Amino acid sequence: LGGPDPLDYVSMYRNLGNPALNVPEHWHYVSFGLSDLYGDNRVHEFTGTDGPSGFGFELTFRLKRETGESAPPTWPAELMQGLARYVFQSENTFCSGDHVSWHSPLDNSESRIQHMLLTEDPQMQPVQTPFGVVTFLQIVGVCTEELHAAQQWNGQGILELLRTVPVAGGPWLITDMRRGETIFEIDPHLQERVDKGIETDGSNLSGVSAKCAWDDLSRPPEDDEDSRSICIGTQPRRLSGKDTEQIRETLRRGLEINSKPVLPPINTQRQNGLNHDRAPSRKDSLESESSAAIIPHELIRTRQLESVHLKFNQESGALIPLCLRGRLLHGRHFTYKSITGDTAITFVSTGVEGAFATEEHPYAAHGPWLQILLTEEFVERMLEDLEDLNSSEEFKLPKEYSWPEKKLKVSILPDAVFDNPLH
């Protein structure tokens, strides 16, 4: 399936599987164009043979072949094209273990398979090309419950469980859009393994792009020195380039499970992007087009705040318990990066080094980047008070939580508040 641009190409193959491994026949889809096909700077900047080719990866997908099906369905190719366009437009890249919250059946049917995890393709090994190295990331369709488990624990752990359940993927992680049960319904013992993993490891999800905002309640709204984020009726200041680099580095460090929880200092200099072997022209997972340094970084002072008001939409708010239980109680940090305004909120525990929020001044802001330091005792209390956020039932919005003695308020607001910040 092809189009006018390199990112529009997806090859489709009939794969006979492997009966000895209990791998069924399936359709195998492979993109090409995310990697460098030409080496002449036509689409990707050529950076040499030793580095990544283009974005450094191509996408694959394995779909179970239905009985009597003579041609592969085209919807997986269209899905892959959508993901590829996102990569090209945002220059954000994917890695093994990542998840994509899709919130809709991947094939536009009534299927429970509504989200995606990413992992290495089991057959296609990394390839050294004349224009750099290419790895192959396979898309794996999952149910909502499996996505949530991946968020609360880690994507690789859930992928390993999927491999043990033939109807849910098996060793080659083949997506069956007709699967009507989650792996936890198929084998209830798997939930115990996830719960134990969460308790032992915490979550390796160190941040998300989200609909969020914050207000400094200790400062009059008319104070033009205020560096708050989205405030209804005001235009938010933007994160400087150095702030954005630090936030990206924060998230990268959070994804390294065995790394010591450290926030890099404000003046950290980034070498060639987030990963040091990546081409300088490529941005990383949380940098947006609007993150221009329109305010000189050196002129923004770090401010200690007395009282703050955090605002999230319902989907983002539902991740607060994960942030608290899966990250902060394990001595880590968690960042919300706004997708509707150029701002960020980072929660840190007392075990995180390098944060500008401290136990003495737990709320601190550097421009529109807010850090909140929470003690373990307060985290436990918040988890009790926010227990209803774990419920799958819808609740009436807006919903507010307040801890007056801590001078902290959290609001869960409708999406429209963030979609139309000037109204």
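The name an unreviewed UniProt entry gives the protein chain is Suppressor of fused homolog, with Cuculus canorus as the organism. The Sequence similarities (unreviewed entry) comment attached to the protein chain in UniProt states, word for word, "Belongs to the SUFU family."

**Comments concerning the overall build of the protein chain**
When you go through the protein chain residue by residue, the secondary structure sums to 10 helices and 17 strands. Split into buried and exposed, the 423 residues of the protein chain put 52% on the buried side. Residue pairs in contact within the protein chain that sit at least 24 positions apart in sequence constitute 67% of those at least 6 positions apart. Accessible surface for the protein chain amounts to roughly 19200 Å². Of this, 49% is attributable to carbon and sulfur atoms.

**Regarding the environment of Pro321**
With respect to the helices, strands and loops of the structure, Pro321 is situated in helix α8 (residues 320-327). With a relative accessible area of 3%, Pro321 lands in the buried category. The spatial distance from the C-alpha of Pro321 to the C-alpha of Leu383 is 6.2 Å, given a sequence separation of 62 residues. When near neighbours in sequence (up to four residues on either side) are disregarded, Pro321 contacts Gly326, Leu383, Leu386, Leu389 and Asn390.

**Here we look at α8**
Counting buried positions along α8 yields 7 of 8 residues, so the element is predominantly enclosed. Along α8, the positions that sit buried rather than exposed are Ile320, Pro321, Leu322, Cys323, Leu324, Gly326 and Arg327.

**Some points on the sheet that holds strand β14 (residues 363-366)**
Strand order across the open sheet formed by 6 strands is β8-β12-β13-β15-β14-β10, with mixed pairing between neighbours. Strands with a single pairing partner mark the edges of an open sheet, and in this sheet they are β8 (207-210) and β10 (302-304). Going across the sheet, the axis of each strand differs from the next one's by a mean of 20°, ignoring polarity. The pairing of β14 with strand β15 (residues 369-373) spans 4 bridges and is classified as antiparallel. From the neighbouring strand, Ala364 faces β15, where its bridge partner is Gln371.

**Observations regarding the pattern of salt bridges**
For the structure shown, the criterion picks out 16 salt bridges. Ionic pairing is found between Arg179 and Glu146, a salt bridge with its closest N-O pair at 2.7 Å. Taken as a pair, Arg179 in the loop between α3 (155-163) and α4 (183-186) and Glu146 in helix α2 (residues 144-152) lie far apart in primary sequence, 33 residues in all. Across the pair, exposure class does not vary: Arg179 and Glu146 are buried alike. Residue Arg303 is joined to Asp216 by a salt bridge in which the shortest nitrogen-to-oxygen separation is 3.2 Å. With Arg303 in strand β10 and Asp216 in strand β9 (residues 212-216), this residue pair connects regions lying 87 residues apart in the sequence. Each member of the pair, Arg303 as well as Asp216, carries the same accessibility label: buried. Here the salt bridges share partners, and the residues they tie into one network are Arg14, Glu25 and Arg65.

**Structural notes on the side chain of Ser316**
With respect to the helices and strands, Ser316 occurs in helix α7 (residues 314-317). On the basis of relative accessibility, which here comes to 5%, the residue Ser316 falls in the buried class. Only 2.6 Å separates the side chain of Ser316 from the side chain of Asn313, close enough to count as a polar contact. The contact partners of Ser316, leaving out residues within four places of it in the chain, are Ala210, Lys211 and Tyr336.

**Describing the nonpolar core**
One finds Leu310, Phe312, Leu324, Tyr336, Ile345 and Phe347 to be the most contacted residues of the largest nonpolar core, which totals 36 residues. Aside from chain neighbours lying at most four places away, what touches Phe312 is Lys211, Cys212, Gly317, Ile320, Tyr336, Ile345, Phe347, Val410, Ser411, Ile412, Leu413 and Phe418. Counting 26 residues, the second largest nonpolar core, distinct from the first, contains Leu79, Ala84, Val100 and Ile139.

Calculation notes
Residues numbered from 1 in each chain as written. Predicted model: local features only at pLDDT ≥ 70, side-chain atom pairs only at ≥ 80, totals over all residues. Heavy atoms only, no water. UniProt positions renumbered as here; feature names shortened; annotations may be inferred. Helix = DSSP H or I, 4+ residues; strand = E, 2+ residues; numbered from the N terminus. Buried < 20%, exposed > 50% of the residue type's maximum accessible area, 1.4 Å probe, protein only. Contact = heavy atoms within 4.5 Å. Areas by Shrake-Rupley, 256 points an atom, 1.4 Å probe, with all protein chains shown as cover. Pairing = 2+ DSSP bridges. Axes fitted to C-alpha atoms, helices over the stretch in contact; angles between N-to-C directions. Salt bridge = Lys/Arg side-chain N within 4 Å of Asp/Glu carboxyl O. Polar contact = N/O pair within 3.5 Å; in protein donor to acceptor, adjacent residues only side chain to side chain. Core = buried A, V, L, I, M, F, W, Y, C linked by side-chain atoms within 4.5 Å.

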